[in-house]
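Chain by chain, the residues:
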Amino acid sequence: MAFDQLQFLQTVVFGLIEGSVIAVGAVGLTLSYSVTRFINFAYGEFLTYGAYLTVFLAGGLFGISLPLPAAAVAAILIVGAFGVGVSRVFFEPISERGALPLLITSIGVSFILRNGLQAWVGVQARQLPVPLMRRTEYFGLVELTDLELSVVVVSIATMLAVHFVLQRTMLGKRMRAISGNRSLAEVAGIDTTRIVRQTWFISAAAGALSGVLYAVLFSPFRPAVGFEYLIVIFAATLLGGIGRPYGAMLGAVLIGLAMNFGSTYLSANYTRAYAFLILVAVLLVRPEGIRGGEF
Amino acid sequence: MPSDRRKFLKRAGSVAAVVGLAGCIGGGDGSGSATTDSGSAGGNTTTQNGDGGSDSATTDDSSMGSNTTGQDGDNGSDSATTDDGSMGGNTTGQGDGSGGSGTPTIGVLLPFSGDYAWVGANVLPVTEMLVEEINNQGGIGGQQVSVVQADTEASPDASLSAAQRLVNVENVDGIIGPTSITISSVFDLFIENTVPVVTPTAGTTSLDTRGGEYVFRTVSSDALGGRAIAKATRDQQYNTIQDYSRMALMVGNKEVFQSFKEPVRSSFEEFGGTVTTAMDIRTGKASYQSEVQAMMDSDPEITVLIASVEDSVKITEAGFQAGFEGNWFATQDQTNQDFLSQSENQVTNGMLGLNAAAYQPAQEAGRLESFYQRITEYAGWDEGSKTFATNTYDAVNVLGLAMKQVAANGNDITRSNIAAAIPTVAQPPETTVTSYTDGAATIDEGVDIDYAGLVGPINFDENGDIVAPFAIKKAQDGTWTEAASLPPEAL
């Protein structure tokens, strides 16, 4: 069989689309890690809550029926605030005990959140009310739907926003300071508790956005969706070097490409396994990730 | 205050840990975790679900199943078989002795939670309605019959422990169910304990060559269903669109779906068609873009899609997005309102599907209509023609009449006596009866009966199988309408 260039390009495009979803999630996860220094296993639930809240806000469950973009924004803000609440209740009180208790607590939190949602809304599959469209051709080479295009655009915009926050705002500078050396930052007069909370907001909101983007592309979904996708996000985060937002973005694109190339050219039955494979390889060969250095 | 807070947190922490552990046991992938988790929720609602003595076995078992073997049906049933072996010694002893003591009990072994909860929801009310009828007619041997349900969660492991509970703890005299998904994990248990089973739901080809002694079914084999799909796609007469000659197959990687694959493929080729690709797809994936692309690359005119509702929604939408111009053909799993309401009409318009057809004599005599009316009133359904409802009607009637026959013959109501009576109450050329009341009265007169049902004449062959007509449905604007009917003789 001749090598099909169009198929190759199309696979690249699919990889970039999925990479966009992963990137938003991976940046959120890695930001919270860089400031709090523990891996938050409850992070996947932010994706789930983001997607479900958007469905409910857009579908009129709370008596209001917002247009989809407004519902998504509202859901992202609510989940952001929710993330701060989760951190205050579960993580802040034990923040001095080191990473391991925090990590184990986060696993528990994730079960509470997921099963709580399930008890509330049930296990039926849900869908976002997005219009179904055919792919249109671009440059005679690749095809994608307007929705897929907008997912990529939203993701790039988010990356730019994160870049701006980190490099150009006081918040970003303080976050980087805390990430570098928390005690030193505290001595320098930075209100670390406040910055940590703000980071939690950004992190949870990014998770929710990632969940919304996921739901736009991959409907229908169930309450376990975020937890299952978390491992893919982990792979991207570790590949990029945990705690490094720019590495996470790069890692996400690579994982997205790997998953889609594996599905197209090897076997479609193992899509996520390709992400795990990379995860294992990174841990074995280059545990610090492809991108060394701070930020 | 700080110490109070610490105490609170300690407690919260330990609660979190406990919840975490509990969750770990349930955590599989995809719908697996959903099913298992909801199983515990289901346990609360569906009466005595899974709280029996075998429960500890369940927990171990399912943790093994979901962690090491994921959702793979085959592996699931392997681990199930091991368990079965270890328990076999205990269970066989109790098998036959159950009859004399206690009231006659019918177990309903079906998924009541998770993706396939609709199966249990369709079958249970019909069973309860008919058991009420049996009891109104004086019960069996003067005793009132009771119904016990057991949730298989559509998982082989959970199914085995649920079946063990029915067989050993509840001492049921007969079982309605299970589905194709879990029949393989419990089949040996039924045989070892001589439990009469009439399943209205298991079409799997794995029952084609076994059963007939204890296991019977009132649903057509998938082998026949697959042949019907091949016939209906090949022949415009049955699909009203065209004689399709190039077919692709996309089949979920579970027994319930795989069971159709070979019959469809071999029959379609036998009828002169070309199978462009026969693809196994992993169920529960987030997206099927690559699979759909590979299917489209093989250039079929119609794609037979044998998968769960959720996966089918994703696959047909992926086909639409990618501009697939061929048609789709679905099985009973998707030929329901659930699938259409989750899909966009522009995707499903013109789509074809296989379903059980009305049995002409039952329809002409008005029995079908009166059943629909009766069950909608009894169960508060909005329509009586739900999937498996008529199959259940026939299954429970056959089982009930067999129990009645055993009692009327003056024999002990034991499992093996009932199993032996099942073929005798549904075999021509005896007096034809069409309901329990009718049949029970005839038995009381000392006359042998031949039950004829709603799905077909219900004459079990040596493997406990029946033949029944099929209907070809066509989706239009969000509803399935009958395009043609396909009698078994045409296959």
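These numbers come from a predicted model, not from an experiment. (Residues numbered from 1 in each chain as written. Chains lettered and ligands numbered in written order. Predicted model: local features only at pLDDT ≥ 70, side-chain atom pairs only at ≥ 80, totals over all residues. Heavy atoms only, no water.)

Q: Which residues make up the overall build of chain B, and what values do they have?
A: Helices and strands together make up the secondary structure of chain B, namely 19 helices and 14 strands. Counting every position in chain B, which comprises 491 residues, the buried fraction comes to 60%. Of all intrachain contacts in chain B linking residues separated by at least 6 positions in sequence, the fraction that spans at least 24 positions is 69%. (Helix = DSSP H or I, 4+ residues; strand = E, 2+ residues; numbered from the N terminus. Buried < 20%, exposed > 50% of the residue type's maximum accessible area, 1.4 Å probe, protein only. Contact = heavy atoms within 4.5 Å.)

Q: Requested: an account of the sheet that holds strand E7 (residues 274-281) of chain B, with residues and values cited.
A: All names here are of chain B. Spatially, the seven strands line up as an open sheet ordered E7-E6-E8-E9-E10-E13-E14, and their pairing is mixed. Unpaired on one side and paired on the other, E7 and strand E14 (479-486) mark the two borders of the sheet. Sheet twist, expressed as the average angle between the axes of neighbouring strands with direction ignored, equals 25°. Here seven bridges tie strand E6 (residues 246-252) to E7, and the two strands are oriented parallel to one another. If you follow Val251 over to E7, its bridge partner there is Asp280. In this fold helix H8 (residues 222-234) packs onto E6, strand E8 (302-306), strand E9 (327-330), strand E10 (352-356), strand E13 (470-476) and E14, with an angle of close to 55° to the strand it touches most, E13. The sheet strands contacting helix H10 (residues 255-270) are E6, E7 and E8, and the helix crosses E6 at an angle near 165°. (Pairing = 2+ DSSP bridges. Axes fitted to C-alpha atoms, helices over the stretch in contact; angles between N-to-C directions.)

Q: Describe the packing of aromatic side chains, listing the residues and the values that go with them.
A: Tallied over the entire structure, the rule returns 21 aromatic pairs over all chains. Arranged with centres 5.3 Å apart and planes meeting at 85°, the rings of A:Tyr52 and A:Phe221 form a pair that is edge-to-face. With a gap of 169 residues between them, A:Tyr52 in helix H2 (residues 43-59) and A:Phe221 in the loop between helix H8 (192-217) and helix H9 (225-239) connect regions that are remote in the sequence. Of the two residues examined, A:Tyr52 and A:Phe221, each falls in the buried class. Aromatic rings pair up to connect A:Tyr52, A:Phe56, A:Trp120 and A:Phe221 into one cluster. Lying across the ring of B:Trp381, B:Lys386 places its NZ or CZ 4.8 Å from the centre. (Phe/Tyr/Trp six-rings, centres within 6.5 Å; stacked < 30°, edge-to-face > 60°. Lys NZ or Arg CZ within 6 Å of the ring centre and 35° of its normal.)

Q: Now, about the sheet that holds strand E2 (residues 146-151) of chain B: what can you tell me, with residues and values included?
A: Residues and elements named next belong to chain B. Within the open sheet, the five strands sit side by side as E2-E1-E3-E4-E5. Their pairing is parallel. Lying at the two open borders of the sheet, with one neighbouring strand each, are E2 and strand E5 (215-217). Across the sheet, the mean angle separating the axes of adjacent strands is 25° when strand polarity is ignored. Bridge analysis of strand E1 (residues 105-110) against strand E3 (residues 174-176) gives three bridges, and the strand direction is parallel. By the bridge assignment, Ile106 is partnered in E3 with Gly174.

Q: An account of the pairing of E9(B) is needed here, citing residue identities and associated values.
A: Two faces make up the sheet, and in a regular strand the side chains alternate between them. All names here are of chain B. Along E9, one buried face is formed by Asn327 and Phe329 and the opposite face, lined by Trp328 and Ala330, is buried too. Both E8 and E9 contribute to a ladder of four bridges, which runs parallel. Pairing of Ile302 across the sheet is with Asn327, part of E9. This β-α-β element, E8 to helix H12 (residues 309-321) to E9, shows right-handed connectivity. Pairing of E9 with E10, which is carried by two bridges, proceeds in the parallel orientation. (Right-handed = clockwise from strand over helix to strand, strands pointing away.)

Q: Explain the environment of B:Ile176 to me, and be specific about the residues and the numbers.
A: All names here are of chain B. Residue position: Ile176 is located in strand E3. Classification of Ile176 by relative accessible area gives buried; the value is 0%. The sequence separation of Ile176 and Met250 amounts to 74 residues, and the corresponding C-alpha distance is 30 Å. If sequence neighbours within four positions are ignored, Ile176 has contacts with Ile106, Gly107, Val108, Leu109, Leu110, Val123, Thr127, Val198, Pro200, Ala395, Val396 and Leu399.

Q: Provide a residue-level description of the interface of chain B and chain A, including the pertinent values.
A: Facing the 39 residues of chain B at the interface are 34 residues of chain A. With both chains or domains summed, chain B and chain A bury close to 3100 Å², and 54% of this area falls on carbon and sulfur atoms. For the chain B face of the interface with chain A, the top three residues by lost area are B:Gln289, B:Phe320 and B:Gln321, together amounting to 18%. Two residues, B:Glu310 and A:Arg222, come together in a salt bridge whose shortest N-O distance is 2.2 Å. Summed over the shared surface of chain B and chain A, the number is nine residue pairs in polar contact (both at pLDDT 80 or more). Elements represented by at least two residues in the side of chain B that touches chain A include exactly helix H1 (2-26), helix H2 (31-45), E7, helix H11 (289-297), H12 and helix H14 (345-348) of chain B. Counting residues per element, the side of chain B that touches chain A draws most heavily on H1(B), at eight residues. (Buried area = accessible area lost by both parts, 1.4 Å probe. Salt bridge = Lys/Arg side-chain N within 4 Å of Asp/Glu carboxyl O. Polar contact = N/O pair within 3.5 Å; in protein donor to acceptor, adjacent residues only side chain to side chain.)

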